[in-house]
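# Remarks on the overall topology
For reference, the chains in residue letters:
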Amino acid sequence: MSEKIVYSALKPTGDLQLGNYIGALRNMVRMQDEHTCIYTIADMHSITVDCVPADLRRRTYEFLALFLAIGLDPNKSTLFLQSMVHQHAELAWVLNCNTQFGEARRMTQFKDKSAKNPENVNVGLFSYPTLMAADILLYQADLVPIGKDQKQHLELARTIAERFNHRYSPTFVVPDGIFNTHGAKIQNLLDPTAKMGKTDDNAGGVVFLLDDPDTIMRKFKRAVTDCGNEIVARADKPGITNLLTIYSVMKGITVKEAEQHFVGVGYGDFKMAVGQSVVDVLAPIQARYRELIANKAYLDQVLKEGAQKASYMAQKTLSKVYRKIGFVTPK
Ligand code: AMP
């Protein structure tokens, strides 16, 4: 086991989709055997936007069951629910007091999200990056796999960690981001110029991990292609490139190999082959998911044990922080 600590979190807002699987979950499974992994369902981040309580509750279990079905293993990783580990909120407060208003105000995600939802620009949305910094720094994480959208937030986490270390003496590991290169970004099937996302307006172009096979095939049948009839990955062919990327990941081959496989094939047959490759990967995951979601007692046990493990690690860091900033902690 390597000495590296990896931290990763997914927010239960919107249903998990193929981009999450390709860009995040699949790599999280792989990393379990190489590193010490801390994996979080970040429900405290979910409430920074409007969130129906019943949906949050349902999704939390769905996320957990899907994580387990995909292969995240609570015996290998620390897998837990953020709100069950109170140290996240506590460290976030300390970090809020060590982050400048101007720094937080520069975050482009805050600007984007508040422009999209002008009726709910809450303070939590503004301080989201300091909670995220607390999530990571609590576990002394070395590596944080992130999408490009989180790059700025990770930079801020590094700045906060460095500042705290400088001001109070070394306390936090300064984390590095790692970016996935192969299949880094999966695009919406109906608009290949936009990223496939959990909360897309264009849901017809999003393949959800719990979509049944007919729905998946229908979505691929309707997928937007490009002019011409060549099946090659090229900048002027975003639709075909996206489909080739998906196929290559599903089959564990390179995009070049996928191109060779489809020489002389028509767009219609190509789209069906890509759809089928996704169905073949998701079918066993969904079968396992159905068993797990029916077993709430087991899921609750995973949550409790995960929170205990996480809390033990988190408390070590938090106690150190409290001591350093001058909070009295009688023995
Ligand atoms: P989000 O669903 O945007 O909260 O993202 C959760 C994780 O999934 C992050 O690591 C993202 O980079 C990854 N992810 C989400 N959507 C995609 C996508 N369309 N392509 C690749 N990775 C994605």
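Look a little higher up for the structure.
Residues numbered from 1 in each chain as written. Predicted model: local features only at pLDDT ≥ 70, side-chain atom pairs only at ≥ 80, totals over all residues. Heavy atoms only, no water.

## So, the overall build of the protein
We apply this condition: For the purposes of this entry, the term helix denotes a DSSP run of H or I that reaches at least four residues, the term strand denotes a run of E that reaches at least two, and both are numbered from the N terminus. Atoms considered for the radius of gyration are the C-alpha atoms alone. The globule rule reads 2.2 Å times the number of residues to the power 0.38. Each residue's exposure class comes from its accessible area (1.4 Å probe, protein chains only) as a fraction of the maximum for that residue type: buried when under 20%, exposed when over 50%, partly exposed otherwise. Note on contacts: a residue pair is in contact if any heavy atoms of the two residues lie within 4.5 Å. To be clear on the numbers: accessible area is Shrake-Rupley with a 1.4 Å probe, and residue cover counts the displayed protein chains and nothing else. None of His or the chain ends enter the tally, which takes Lys and Arg as positive and Asp and Glu as negative. Positions of charges follow a simple convention, taking NZ of Lys, CZ of Arg, CG of Asp or CD of Glu.
Looking only at helices and strands, the protein has 13 helices and 5 strands in total. Here the C-alpha atoms of the protein give a radius of gyration of 21 Å, agreeing with the 20 Å that 2.2 N^0.38 yields for 331 residues. Across the 331 residues of the protein, 49% fall into the buried class. Pairs at least 24 apart in sequence give 76% of the contacts found in the protein among residues at least 6 apart. Looking at the protein as shown, the accessible area adds up to about 15800 Å², and 54% of this sits on carbon and sulfur atoms. Positive and negative side-chain charges in the protein, numbering 40 and 35 respectively, have mean positions lying 4 Å apart.

## Considerations on the nonpolar core
Worth spelling out the cut-off: Buried Ala, Val, Leu, Ile, Met, Phe, Trp, Tyr and Cys residues that are joined via side-chain atoms within 4.5 Å together make up what is termed a nonpolar core. Where each domain starts and ends comes from a domain assignment, either automatic or drawn from a database.
The biggest cluster of nonpolar side chains holds 58 residues, and the ones touching the most others in it are Leu18, Tyr21, Phe220 and Ile246. The element best represented in this core is helix H12 (residues 267–293), accounting for 10 residues. Shared between two domains, this core takes at least three residues from each, and those domains are domain 1 (5–179 + 295–325) and domain 2 (187–291). Beyond its immediate chain neighbours, meaning those up to four positions away, Leu18 contacts Met196, Val207, Leu209, Phe220, Ile246, Met250 and Val278.

## Thoughts on the environment of Val321
Positionally, Val321 belongs in helix H13 (residues 296–325). Between the C-alpha atoms of Val321 and Phe164, which are 157 residues apart in sequence, the distance is 9.3 Å. Aside from chain neighbours lying at most four places away, what touches Val321 is Leu91, Val94, Phe164, Thr171 and Phe172.

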